[in-house]
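Each chain, written out:
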Amino acid sequence: MKRLVLEPRLGPQFSRPVRKWAVSDLQCGEVVEPDWDVEWGRIVDRARVKEASPAGLASVRWQLPLAKKDPIPVQPYPYSPDEVRGIFEPLAESWEAETEFLSMTPQITGHPAYFEIVGLGPPAVPLILERLKKSTRPWFQALTAMTREDPAAEADSHSEAAKAWLEWGRRRGLVD
Amino acid sequence: MARVGTKARIGRLTVQERIETQIPGLRQGAYRITSPEDPDYNCVAWGLRDTAHWWSPRPGGTNHWPTDVPAWPSLTAFVEVFEQEGYSICDEAAYEEGVEKIAIFTYPSEEPAHVARQLKGGKWTSKLGGSVDIEHDELRMVACGLYGDVRVLMCRARAPEAERPTIQLLS
């Protein structure tokens, strides 16, 4: 059985459906079979080795099923404002309660609920700002990820960062 | 969803009830809340007597961390931070006159989770995230799932005390 050691190497354009992988123990021109032993990653389709270096490394053009359509179609946002609030509030309560006494930022922002809230995208930003107005919690990385802006870049404390984000939200009519 | 609902109910408890729910070891001895909630500093800062910054090894944002210490949540990095402030590793948590001690708590993975500082007289003080400071009789009272266990003790010559006055319990 062939052995593959896969290492993801995204192509020059992130959105391209074809990704390049570093593959060892392969010869140029070989076809990657779905039943080969894979050390990292998974084989999802047949692919052919395009190049092989003297060191035995090769690159394979790899077709992922998720990316067969190019570009990935943009879906309309699936939730109404009320539905966003209905999803957001329990997640926010859970995150605030379970991280209230934590001190390490990676543990606080690594909480599963935090990721889920970021996944709600821009429609959840006004809801975060509402909460930030009531209590200064480290929502800042989520807000930056959701808006691609960072009005608190120069802030030296959580209070200053909260103030900067609330001013940002007021200028946009997102929070009172 | 059931789990979220259960945890969400914690938000309706008083701060003291929330503390004891998440750090049950505090029910095993005496402790008191010694500050109002303050989101601007954390336990690492409190260990260093800094009440203006949130010390955490994550680059950018409002996190404060020495530029010459790896911005990675490792025990080694935390020890280095405290060494820069004059601490060195020691063995005993017992109170010694003229010596200030801190304890670094870690999870089993050795990822740091908490820092407590010994007060003059032998009690300990902990800042609980962005919430309140507490004073607790024993170091082990805050050792539990939330903060892991004491992994490293560090000592330095004690600076003059400037502790905060006691306040009423917050609810």
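To keep things clear, this report deals only with the structure shown in the data block.

All right, on to the overall build of chain B then. Helix and strand counts for chain B come out as 4 helices and 9 strands. Going from the N terminus to the C terminus, chain B shows its helices and strands as α-α-β-α-β-β-α-β-β-β-β-β-β. Burial statistics for chain B: of 171 residues in total, 51% are counted as buried. Accessible surface for chain B amounts to roughly 7900 Å². Of this, 52% is attributable to carbon and sulfur atoms.

Turning next to unusual backbone geometry. Residues and elements named next belong to chain B. Positive phi is not limited to glycine here, since R49 has a value of about 65 degrees. A positive phi angle, close to 75 degrees, is found at E110, a residue other than glycine. Within the secondary structure, E110 sits in the loop between β5 (99–106) and β6 (112–118).

According to the stated counting rule, one finds 18 salt bridges over all chains in the structure shown. The partner of B:R18 in a salt bridge is B:E37, with the nearest N and O atoms 3.7 Å apart. Linking B:R18 in helix α2 (residues 15–22) with B:E37 in the loop between β1 (31–33) and α3 (43–47), this pair joins segments that are 19 residues apart in sequence. Of the residues examined, B:R18 reaches a relative accessible area of 12% and is grouped as buried. One salt bridge in this structure joins B:R27 and B:E20, with 3.6 Å as the shortest N-O distance. Salt bridges linked by common partners bring A:R85, A:E89, A:E93, A:E96, A:E130 and A:R131 together as one network.

On to the sheet that holds strand β9 (residues 149–157) of chain B. Residue and element names in this part refer to chain B. Reading across the sheet, the 7 strands line up as β1-β8-β7-β6-β5-β9-β4 and stay open at both edges, with antiparallel pairing between neighbours. Every interior strand has two partners, whereas the edge strands, β1 and β4 (88–90), have only one. Averaged over all neighbouring strand pairs, the angle between strand axes comes to 30 degrees, with direction disregarded. Here β5 runs beside β6; their pairing, made up of 5 bridges, is antiparallel. Across the sheet, residue F105 finds its bridge partner in β6, namely H114. Relative to β1, α2 is tilted by about 135 degrees, and along the sheet it contacts β1 and β8 (133–136).

How each quantity is defined
For every chain, the first residue of the written sequence is number 1, and numbering continues from 1 onward in sequence order. The lettering of chains begins at A and the numbering of ligands begins at 1, in the order of writing. For this predicted model, a pLDDT threshold of at least 70 governs which residues receive local features, and a threshold of 80 or more governs which side-chain atom pairs are given and counted, while totals over whole chains, interfaces and linings are taken from all residues. The side-chain numbers reported here are obtained from all heavy atoms of the structure, hydrogens and water having been left aside. By the criteria applied, helices consist of DSSP H or I runs no shorter than four residues and strands consist of E runs no shorter than two, each listed in order from the N terminus. A 1.4 Å probe rolled over the protein chains alone gives each residue an accessible area, and that area as a share of the maximum for its type sets the label: buried under 20%, exposed over 50%, partly exposed in between. Reported accessibility uses the Shrake-Rupley method at a 1.4 Å probe radius. Residues are deemed covered only where the shown protein chains occlude them. Just to be clear on terms, a salt bridge is a Lys or Arg side-chain nitrogen sitting within 4 Å of an Asp or Glu carboxyl oxygen. Here, strands pair whenever DSSP counts at least two bridges between them. Working convention: axes come from line fits to C-alpha atoms, limited for helices to the stretch in contact. Angles between N-to-C directions cover 0 to 180 degrees. What makes two residues a contact is simply this: any of their non-hydrogen atoms within 4.5 Å.

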